[in-house]
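A closer look at the structure
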Amino acid sequence: MPVVSCHFTDGASFEVDADSGESFLEVALRHGVPIRNQCRSGTCLSCLGRYAAGSGPLSPRPGRPSSLLPVDKEQGKALCCVSEVTSEGDIYFDYPSDEAGPSEAKCFIDSIEWIASDAVKLTVELADGDWLDFRSGQYVEIAVPDSSRCRSYSMCTAPNDLPQLAFMVRILAGGLMSEYLTTIAKPDDVLTLRGPFGGFAWSGSRSAPQLFIAGGTGLSPICSILHEIRNVAGAKPPMTLSLGCATPEALLAPDYLRLLESWMPTLSLRLSAEFGDVEGAVMRGNALTAIDFSAVTPQTEAYVCGPEGLINAATKKLVEVGVPATNIYYERFVASGAT
Ligand SMILES: Cc1cc2nc3c(=O)[nH]c(=O)nc-3n(C[C@H](O)[C@H](O)[C@H](O)COP(=O)(O)OP(=O)(O)OC[C@H]3O[C@@H](n4cnc5c(N)ncnc54)[C@H](O)[C@@H]3O)c2cc1C
Ligand code: FES
């Protein structure tokens, strides 16, 4: 039976004997290896591991889709939940083995306000005695009341806004959470959150240019990161935020974003819409066409969030203009039920 050694950033290592034919995540969890996980279907990237060189002990399980991009695979990254063991080797995880896992917390709805023609901002406050730590850019699952379903949403607020959290939620006709938020939910209703999840987070760099690319509510975790950068004392990096939506009316909280731009002198904002009558500072196009890629350097760090098409197009373009794959961070908003 091949032995796989799992290494964590605190120096802890775990050995796992595993046969092929089973998801490596399931086997490793049974051996008590604390690998992060959420969707267990190759979507959320929580169970990402890396090899020291280009290849390692895991191979994709036949017929299991994976959200990893080609650049990730070339860099020796693997998703444990959709991989199986095919040889001995080592796999590395970018977090400590004693990291607290996701927790559950109750919260009360403070408000639900429309911030675009098809999006609301949901603001909640953690119940007394409940707590949920997170890093800017992460997401939680919210249980849809009176159903057995959960939906994933990224916080648009920063950790130091706790016990208040807020989410930007796109409203879809007939969507379970969408219907709940627009027809049933009211202030003081109780919601259950579980998390945090995800590795989409600010690198902490103060000097490298930061490029934020958002499609629709993909703006939410980027706002969280921008809040964190704003809260950090000292010099801020040069930053560009490009938000693209279908129409000018669908642009999320544009007045708030302009305010953010005036509060953060090193932030430059691009707003674009693909359809409808664009005017003023709103450009025709999408979040990518609004960016001057000739100004992007190999030092640039890029954060991309939104639907799959945007992630694929943005990562391809960024690599083409010389941004190393290690400087590209992304979060894909997969439609619930898509996997
Ligand atoms: C990691 C992660 C983070 C996310 N963060 C956010 C966030 O911050 N804000 C946000 O608005 N959403 C986010 N999503 C998407 C969110 O979890 C739900 O899928 C979405 O809100 C739809 O839920 P619903 O219950 O209203 O609709 P559902 O009942 O799930 O769906 C109704 C119909 O719409 C389709 N559908 C579902 N989602 C989408 C979509 N995104 N685009 C197009 N069609 C869709 C479904 O296939 C179905 O036909 C995130 C998803 C992931 C995986
Ligand atoms: S748990 Fe593996 S990708 Fe989500």
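1. Concerning the overall build of the chain
- Summing up its helical and strand segments, the chain has six helices and 19 strands in all.
- What you see for the chain is a C-alpha radius of gyration of 20 Å, in line with the 20 Å of a compact globule of 339 residues.
- Projecting the C-alpha coordinates of the chain onto the three principal axes gives extents of approximately 65 × 50 × 40 Å.
- Among the 339 residues that make up the chain, the fraction classed as buried is 49%.
- Looking at the chain alone, contacts between residues at least 24 apart form 68% of all its contacts between residues at least 6 apart.
- Looking at the chain, you have 25 positive and 40 negative side-chain charges, and the mean spots of the two groups are 4 Å apart.

2. Comments concerning the domain arrangement of the chain
- Taken domain by domain, the chain comprises domain 1 (3-92), domain 2 (103-197) and domain 3 (210-332).
- Distance between the C-alpha centres of domain 2 and domain 3: 23 Å.
- At the interface, 19 residues of domain 2 touch 17 residues of domain 3.
- Carbon and sulfur atoms supply 56% of the area that domain 2 and domain 3 bury against each other, a total of about 1300 Å² over both sides.
- Linking domain 2 to domain 3 there are zero salt bridges.
- Across the domain 2-domain 3 interface, the total number found is nine residue pairs in polar contact (both at pLDDT 80 or more).
- For the side of domain 2 that touches domain 3, the elements supplying multiple residues, two or more each, are strand E8 (103-116) and strand E12 (164-170).
- For the side of domain 2 that touches domain 3, the element with the highest residue contribution is E12, accounting for four residues.
- When the residues that make up the side of domain 2 that touches domain 3 are grouped by side-chain class, the tally is 11 nonpolar, six polar and two charged.

Definitions and cut-offs
Residues numbered from 1 in each chain as written. Chains lettered and ligands numbered in written order. Predicted model: local features only at pLDDT ≥ 70, side-chain atom pairs only at ≥ 80, totals over all residues. Heavy atoms only, no water. Helix = DSSP H or I, 4+ residues; strand = E, 2+ residues; numbered from the N terminus. Rg over C-alpha atoms; globule rule 2.2 N^0.38 Å. Buried < 20%, exposed > 50% of the residue type's maximum accessible area, 1.4 Å probe, protein only. Contact = heavy atoms within 4.5 Å. Lys, Arg positive; Asp, Glu negative; His and termini not counted. Charge placed at Lys NZ, Arg CZ, Asp CG, Glu CD. Domains from an automatic or database assignment. Buried area = accessible area lost by both parts, 1.4 Å probe. Salt bridge = Lys/Arg side-chain N within 4 Å of Asp/Glu carboxyl O. Polar contact = N/O pair within 3.5 Å; in protein donor to acceptor, adjacent residues only side chain to side chain. Nonpolar A, V, L, I, M, F, W, Y, C, P; charged D, E, K, R; others polar.

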